[in-house]
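Given next are the chains, with one letter for each unit.
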Amino acid sequence: EAIGLYNLGQSCCLNSLLQVFLMNIRFTRILRRITVPSSPAQRRNDVPYQMLLLLEKMQCGKCKAVGPTDLACCLSEHRVQLFVQHDAAQLFLILWNLLKKQMKKPELVEELSDLYTICIQEHLACQKCSFEVKSNSTMLTLPLPVLDANSHRLKTLEDCLRYFFHPEELTGQNMCFCQQCGRKTAFLQSMKLVHLPQTLTLHLKRFCFERSSRTQKLSHYLPFPQELDLREVLTESQCQADDSEKATWQYELFAVVAHSGSSSCGHYCAYIRSLTDCKWYCFNDSVVCQVSWDDVKCTYGHSNLYWRETAYLLFYMKKHPQ
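Residues numbered from 1 in each chain as written. Predicted model: local features only at pLDDT ≥ 70, side-chain atom pairs only at ≥ 80, totals over all residues. Heavy atoms only, no water.

**What to know about the domain arrangement of the protein chain**
So, point 1. Splitting the protein chain by domain gives domain 1 (1–117) and domain 2 (141–165 + 198–321).
So, point 2. At the boundary of domain 1 with domain 2, total buried surface from both sides reaches about 2,300 Å², with 65% on carbon and sulfur atoms.
So, point 3. A per-residue breakdown of the area domain 1 buries against domain 2 is headed by Val20, Met23 and Arg26, which together make up 24% of the total.
So, point 4. Summed over the shared surface of domain 1 and domain 2, the result is 10 residue pairs in polar contact (both at pLDDT 80 or more).
So, point 5. Residue assignment for the side of domain 1 that touches domain 2 shows that the elements contributing at least two residues are strand S1 (4–5), helix H1 (12–22), helix H2 (25–31), helix H6 (88–102) and helix H7 (106–116).
So, point 6. In terms of residue count, the dominant contributor to the side of domain 1 that touches domain 2 is H1 (7 residues). (Domains from an automatic or database assignment. Buried area = accessible area lost by both parts, 1.4 Å probe. Polar contact = N/O pair within 3.5 Å; in protein donor to acceptor, adjacent residues only side chain to side chain. Helix = DSSP H or I, 4+ residues; strand = E, 2+ residues; numbered from the N terminus.)

Structure below.
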């Protein structure tokens, strides 16, 4: 049975992300195999251990909700501020880094990376000669723009993905030094997808800076599918992977972290599809209720109702993992 988490004071963002972590069976399988710290002081400050205790508290308790107090205190020891508004994408990265840093077993760190890490290859090609630079990097989330370079709205999640991987010409002040030409030239910058994890996290960049230095929330309608096949979305030139790797790029939506309100004052909740009964649930702090796919679709956004729930983080899970 799904269990809620009490709000400790502006902890809705933390609660939503914890639910997404702990409802992921593949993640909890890793969590259950951690090394338990030896001393009480170490246990109090160990994020994986405190998350495991919270998981057991949620599964063994008879209450409809539990308080994540000990975990929150643990996070504060690692300079994670409490009782403040958090950005879900930033907090997700902070939590993941703390988990990875404090897991002592190398095999668990590797499994955690395999579960969430995206591998990208960046290409920089001089437009004057054949000089090219390639570099590999890893990302926890794909930060997808919801507007194009001309501030036009992208209409679907697939459009956002295509735009993210679309080559960009670096000209003017953005020109790069070419070792072969011996001067600054125009370069073509492109990203190619190398490897996708079991749990793919997409960050819809709904918050943007205006010229007045204020942050604006972009709440326009942006649908996302229940099933996502990256082979059908991206072109051959946008991928740097073999056929066996691309054969696993079929995903099913697992969770949505949604934001309601404005950029300065808002609230987070999570919609999660249970991997045991395949039903959708809304986790709104201590309140958990079963919902329909139509309810989840309400997070697509609405231009005139910016305070309504709008999807911010999308978590997709591989349908056929290797």
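**Brief notes about unusual backbone geometry**
So, point 1. Positive phi outside glycine occurs at Cys278, with the angle close to 60 degrees.
So, point 2. Checked against the element boundaries, Cys278 lands in the loop between strand S15 (266–273) and strand S16 (280–284).
So, point 3. Judged by its relative accessible area of 52%, Cys278 falls in the exposed class. (Buried < 20%, exposed > 50% of the residue type's maximum accessible area, 1.4 Å probe, protein only.)

**Quick word on the nonpolar core**
One recurring pattern in soluble globular proteins is that nonpolar side chains are buried together.
So, point 1. Among the nonpolar cores identified, the biggest contains 54 residues, and Phe27, Tyr116, Val257 and Leu313 are the most heavily contacted of them.
So, point 2. Both domains that meet at this core, namely domain 1 (1–117) and domain 2 (141–165 + 198–321), each give it at least three residues.
So, point 3. In this view, Leu313 contacts Leu17, Ala88, Ala89, Phe92, Leu202, His203, Ala255, Val256 and Val257; residues no more than four positions away in its chain are not counted.
So, point 4. Ile120, Met139, Leu193 and Cys269 belong to the second-largest nonpolar core, a separate cluster that totals 42 residues. (Core = buried A, V, L, I, M, F, W, Y, C linked by side-chain atoms within 4.5 Å. Contact = heavy atoms within 4.5 Å.)

**Observations concerning the environment of Leu202**
So, point 1. Mapped onto the elements, Leu202 comes out in strand S10 (residues 199–205).
So, point 2. Overall, the relative accessible area of 0% leaves Leu202 in the buried class.
So, point 3. Through-space distance from the C-alpha of Leu202 to that of Tyr316 is 8.1 Å; in sequence the pair is 114 residues apart.
So, point 4. Leaving out residues up to four positions away in the same chain, Leu202 has contacts with Leu142, Leu144, Leu157, Leu161, Leu228, Tyr312, Leu313, Leu314 and Tyr316.

**Examining helix H8 (residues 157–164)**
So, point 1. Buried within H8 are the following residues: Leu157, Cys160, Leu161 and Phe164. The buried residues of H8 occupy one face: seen down the axis, they fall within an arc of 95 degrees. (Arc of directions from axis to C-beta.)

**A closer look at helix H4 (residues 47–60)**
So, point 1. Helix length check: H4 (14 residues) gives 20 Å between terminal C-alpha atoms against 20 Å at 1.5 Å per residue, within 8%.
So, point 2. Along H4, the residues that are buried comprise Val47, Pro48, Tyr49, Gln50, Met51, Leu52, Leu54, Leu55 and Met58.
So, point 3. Its side-chain oxygen placed 2.9 Å from the backbone nitrogen of Tyr49, Asp46 serves as the N-cap of H4. (Expected span 1.5 Å × (residues − 1).)

**Structural notes on the packing of H1 against H6**
So, point 1. Direction vectors running N to C along H1 and H6 enclose 55 degrees, while the axes themselves pass 10 Å from each other. In terms of axis orientation, H1 runs oblique to H6. Between H1 and H6 lies a crossing whose hand is right-handed. Contacts between H1 and H6 involve Cys13, Leu14, Leu17 and Phe21 from the former and Ala88, Leu91, Phe92, Leu95 and Leu99 from the latter.
So, point 2. Taken together, the residues of the contact of H1 with H6 sort by class into 9 nonpolar, no polar and no charged. (Axes fitted to C-alpha atoms, helices over the stretch in contact; angles between N-to-C directions. Parallel < 35°, antiparallel > 145°, perpendicular 65-115°, else oblique. Left-handed = near helix turned anticlockwise from the far one by under 90°. Nonpolar A, V, L, I, M, F, W, Y, C, P; charged D, E, K, R; others polar.)

**Description of the sheet that holds strand S4 (residues 132–139)**
So, point 1. Taken together, 4 strands build an open sheet; the order of strands is S4-S3-S9-S6 and the sheet is antiparallel. Among the strands making up the open sheet, the edge pair consists of S4 and strand S6 (168–170). If you compare each strand with its neighbour and ignore which way they point, the axes differ by 30 degrees on average.
So, point 2. Summarising the sheet, strand S3 (residues 118–126) and S4 pair through 8 bridges and their orientation is antiparallel. When the sheet's bridge partners are listed, Ile120 is paired in S4 with Ser137. (Pairing = 2+ DSSP bridges.)

**Focus on the side chain of Asp87**
So, point 1. You can see Asp87 is positioned in the loop between helix H5 (69–77) and H6.
So, point 2. One buried charge, Asp87, has no salt-bridge partner; the nearest side chain with opposite charge is Lys217, at 11 Å.
So, point 3. Residues within four places of Asp87 in sequence aside, it is in contact with Cys13, Phe207, Tyr268 and Tyr312. (Lys, Arg positive; Asp, Glu negative; His and termini not counted. Salt bridge = Lys/Arg side-chain N within 4 Å of Asp/Glu carboxyl O.)

**A short note on the pairing of strand S18 (residues 310–318)**
So, point 1. Counting buried positions over the 9 residues of S18 gives 9, a clear majority of the element.
So, point 2. For S10 and S18, the ladder comprises 5 bridges, and the chain directions are antiparallel. Bridge pairing in S18 links Thr201 to Phe315.
So, point 3. Bridge analysis of strand S14 (residues 250–261) against S18 gives 8 bridges, and the strand direction is antiparallel. Its bridge partner lying in S18, Val257 is registered against Leu313.

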